[in-house]
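# Structural features, examined
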Amino acid sequence: MHNWCLEVWGDYACFTRPEMKVERVSYDVMTPSAARAIFEAILWKPAIKWNVTRIEVLNPIRWISVRRNEVGGIVTNPTARQMAGESSEPLGIFIEEKRQQRAGLFLRDVRYRIHGYFEFTPPEKRKANNLLLSEVWADDQENAEIVRLDEIEAKYAAMFERRAKKGQCFHRPYLGCREFACDFRLVDEDLEPAKLINETRDLGYMLYDMDFERNIKSPPPLFFRAEIKDGGINTDRREVEVRG
């Protein structure tokens, strides 16, 4: 079981506290679920499940308060009468009527190192996964590898390392919110040791992840007691207590 380290950074980040639903307020540091999403942005398949073991903070924790306009609604699907061309309510939304001004307390100029590994699930233990769209791979090499019958952990490990080194991803990774895109690179800790911030304190209860195994359609949240020690946070589920 190999443990990888990614260095991620970006101008802004918002790891939203669930108790602050209207005005977005970020946690002090990245949550394990946000780190897992970055690993999955690079490589995810039904055969693997990512686990985040450690999050390291490289840049000092800085805050920025932003007030911005948001649209408080979504465009609904057309009705049968609208599809038939009959006169009815117009499609779409009027932004001026749905516009809302919200304040947010975000992080700025962030840089982390996230450590994680994946668990391999053999084909006979996987749940049925009915894809709606055809799979898209980065190049011909990956397309040839994925149709091979040798379903082993090493194949996905090599695939992840190659994608991470090339900067390939299924979608652009982000820091909590999709508008806060981030960069990433695969790091060899022996060659590039990290210089963490000198900070040790209790961060209180933090969102760990969503429990998709209990309910895939409406997963309940899981929390853990986060503590930063010399710039690092232990998020290994084998060592920390996670409560649902």
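Everything numeric here is computed off the predicted structure, so don't read it as measured data. (Residues numbered from 1 in each chain as written. Predicted model: local features only at pLDDT ≥ 70, side-chain atom pairs only at ≥ 80, totals over all residues. Heavy atoms only, no water.)

In terms of burial, helix 1 (residues 32-42) is largely enclosed, as 9 of its 11 residues are buried. Taken residue by residue, helix 1 has Pro32, Ser33, Ala34, Ala35, Arg36, Ile38, Phe39, Ala41 and Ile42 as its buried positions. (Buried < 20%, exposed > 50% of the residue type's maximum accessible area, 1.4 Å probe, protein only. Helix = DSSP H or I, 4+ residues; strand = E, 2+ residues; numbered from the N terminus.)

Moving on to the side chain of Thr235. Among the secondary structure elements, Thr235 is positioned in the loop between strand 11 (232-234) and strand 12 (242-243). Here Thr235 falls in the buried class, since its relative accessible area comes to 0%.

Let us look at the side chain of Thr31. Here Thr31 lies in the loop between strand 2 (24-25) and helix 1. The residues contacting Thr31, other than those within four sequence positions of it, are Phe15, Ile55, Met206 and Leu207. (Contact = heavy atoms within 4.5 Å.)

What follows is about unusual backbone geometry. One non-glycine residue, Asp109, adopts positive backbone phi at about 50°. Along the chain, the position of Asp109 falls in strand 5 (residues 99-120). Take Asp109: its relative accessible area is 36%, and that puts it in the partly exposed class. Positive phi, close to 50°, is recorded for Asp230, a residue that is not glycine. With respect to the element layout, Asp230 can be found in the loop between strand 10 (221-229) and strand 11.

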